[in-house]
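Residues per chain are reported as follows:
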Amino acid sequence: GLAFASAALFFATRKGKSAAKKTLGKSREILGRARDSELNAGRVAEQTAERYIMYVIMPAWSVVGALDWLWHRQTKIETTSGVEESLTHQLMMIEAGLPVFAGLFLETNAGLFTLLTAGMLLHQFTAIWDVDYTVSRRKIPAREQHTHTFMETIPFDIWAVLACLHPQQFRSMLGMGPEKPDFSLRLKRPPLPVRNIAAILGATAVFVFLPHLEELW
């Protein structure tokens, strides 16, 4: 009887250990899948933001930038508000370009959101100052005012979309949520393809940088 009880206890213990190993293995598998799912979700969010900036923001910025230059030429900026306003436009071009290129080339975290927030506010303050300076020196027609409306929203559009795609890091910037804020600025891994970078820089140069640079001549 004692031998039988010992054998039964032995097999029961082995069976219990086997069940525990299976449970542990399943738990690890579930955790691995959850980790992979989280990484995939983060990558999908990054790709969504990249496509939004490349295929929506960049074309819109190029069109309204070229139109803004055209309206300036039609109102003879070179003989009215002059080089002072043109320099202000160069400044706003840099301020608007900051969120565009930062959103494309930097990882999305609290540091990027801080940079975008500062750039967005600075761009808005500069735009207000620009209109205040210009309005007494040349006429600002309705078409130019509407063009400015689109240009002013570009930094906010990028900021808002990234905040929706990465809510935890956005909240961490504000001291909220479970995640710790990451204020480091790092290049994305993997980076954008070279052909995309070339297309972005080319479009920016032709439709935004060169037209506004021409105002200074």
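What comes next concerns the included structure. Given the structure is predicted, the values throughout are model-derived calculations rather than measurements. (Residues numbered from 1 in each chain as written. Predicted model: local features only at pLDDT ≥ 70, side-chain atom pairs only at ≥ 80, totals over all residues. Heavy atoms only, no water.)

**A look at the nonpolar core**
- By size, the foremost hydrophobic cluster in this structure holds 29 residues, and its most contacted members are Trp61, Val100, Leu104, Phe113, Ile154, Ile158 and Leu162.
- Elements that contribute at least two residues to this core include exactly helix 1 (2-74), helix 2 (82-105), helix 3 (110-134), helix 4 (142-165), helix 5 (167-173) and helix 6 (194-214).
- Per element, the largest residue contribution to this core is seven residues, and it comes from helix 1.
- Setting aside chain neighbours within four positions, we find Trp61 in contact with Met93, Ala96, Gly97, Val100, Phe101, Ile154, Thr204 and Val208. (Core = buried A, V, L, I, M, F, W, Y, C linked by side-chain atoms within 4.5 Å. Buried < 20%, exposed > 50% of the residue type's maximum accessible area, 1.4 Å probe, protein only. Helix = DSSP H or I, 4+ residues; strand = E, 2+ residues; numbered from the N terminus. Contact = heavy atoms within 4.5 Å.)

**Quick word on the environment of Gly103**
- If you trace the backbone, Gly103 turns up in helix 2.
- Between the C-alpha atoms of Gly103 and Lys188, which are 85 residues apart in sequence, the distance is 9.7 Å.
- Here Gly103 is in contact with Ile53, Leu162 and Lys188, once residues within four sequence places are set aside.

**Some remarks on helix 2**
- Helix length check: helix 2, at 24 residues, gives a terminal C-alpha distance of 35 Å against a target of 34 Å (1.5 Å per residue), a fit within 8%.
- At Gly97, helix 2 is bent by approximately 25 degrees, the largest bend along its length, and proline Pro99 sits one to four residues beyond. (Expected span 1.5 Å × (residues − 1). Bend = angle between axes of the 7 residues up to and from the residue.)

**Focus: helix 4**
- The end-to-end C-alpha distance of helix 4 is 35 Å, a good match for the 34 Å that 24 residues give at a rise of 1.5 Å each.
- A maximum bend of about 35 degrees is found in helix 4 at Ile154, where proline Pro155 lies one to four positions downstream.
- Within the sequence span of helix 4, burial applies to Glu144, Thr147, His148, Met151, Ile154, Pro155, Ile158, Trp159, Leu162 and Ala163.

**Focus on the packing of aromatic side chains**
- Under the criterion given, the structure shown has five aromatic pairs.
- With a centroid separation of 5.3 Å and an interplanar angle of 75 degrees, the aromatic rings of Phe113 and Phe170 are classed as edge-to-face. Of this pair, Phe113 sits in helix 3 while Phe170 sits in helix 5, and the two are 57 residues apart along the sequence. An identical accessibility class is assigned to Phe113 and Phe170; each is buried.
- Here a set of aromatic residues connected by ring pairs shows up, and it is made of Phe113, Phe156, Trp159 and Phe170.
- If you follow Arg137 out to its NZ or CZ, it ends over the ring of Tyr133, 3.9 Å from the centre. (Phe/Tyr/Trp six-rings, centres within 6.5 Å; stacked < 30°, edge-to-face > 60°. Lys NZ or Arg CZ within 6 Å of the ring centre and 35° of its normal.)

**Points about the packing of helix 2 against helix 4**
- For the pair helix 2 and helix 4, the least separation of the axes is 8 Å and the interaxial angle reads 30 degrees. Between helix 2 and helix 4, the interaxial angle falls into the category roughly parallel. In terms of crossing hand, the pair formed by helix 2 and helix 4 is left-handed. Residue-level contacts link Ala96, Pro99, Val100 and Gly103 of helix 2 to Ile154, Pro155, Ile158 and Leu162 of helix 4.
- Of the residues in the contact of helix 2 with helix 4, the class split is seven nonpolar, one polar and no charged. (Axes fitted to C-alpha atoms, helices over the stretch in contact; angles between N-to-C directions. Parallel < 35°, antiparallel > 145°, perpendicular 65-115°, else oblique. Left-handed = near helix turned anticlockwise from the far one by under 90°. Nonpolar A, V, L, I, M, F, W, Y, C, P; charged D, E, K, R; others polar.)

**Re the pattern of salt bridges**
- Applying the stated rule across the entire model yields eight salt bridges.
- For Glu107, the salt bridge is made with Arg186, and the minimal N-O distance between the two is 2.8 Å. In this pair, Glu107 is assigned in the loop between helix 2 and helix 3 and Arg186 in the loop between helix 5 and helix 6, connecting sequence segments 79 residues apart.
- Through salt bridges with shared partners, one network takes in Glu46, Glu50 and Lys188. (Salt bridge = Lys/Arg side-chain N within 4 Å of Asp/Glu carboxyl O.)

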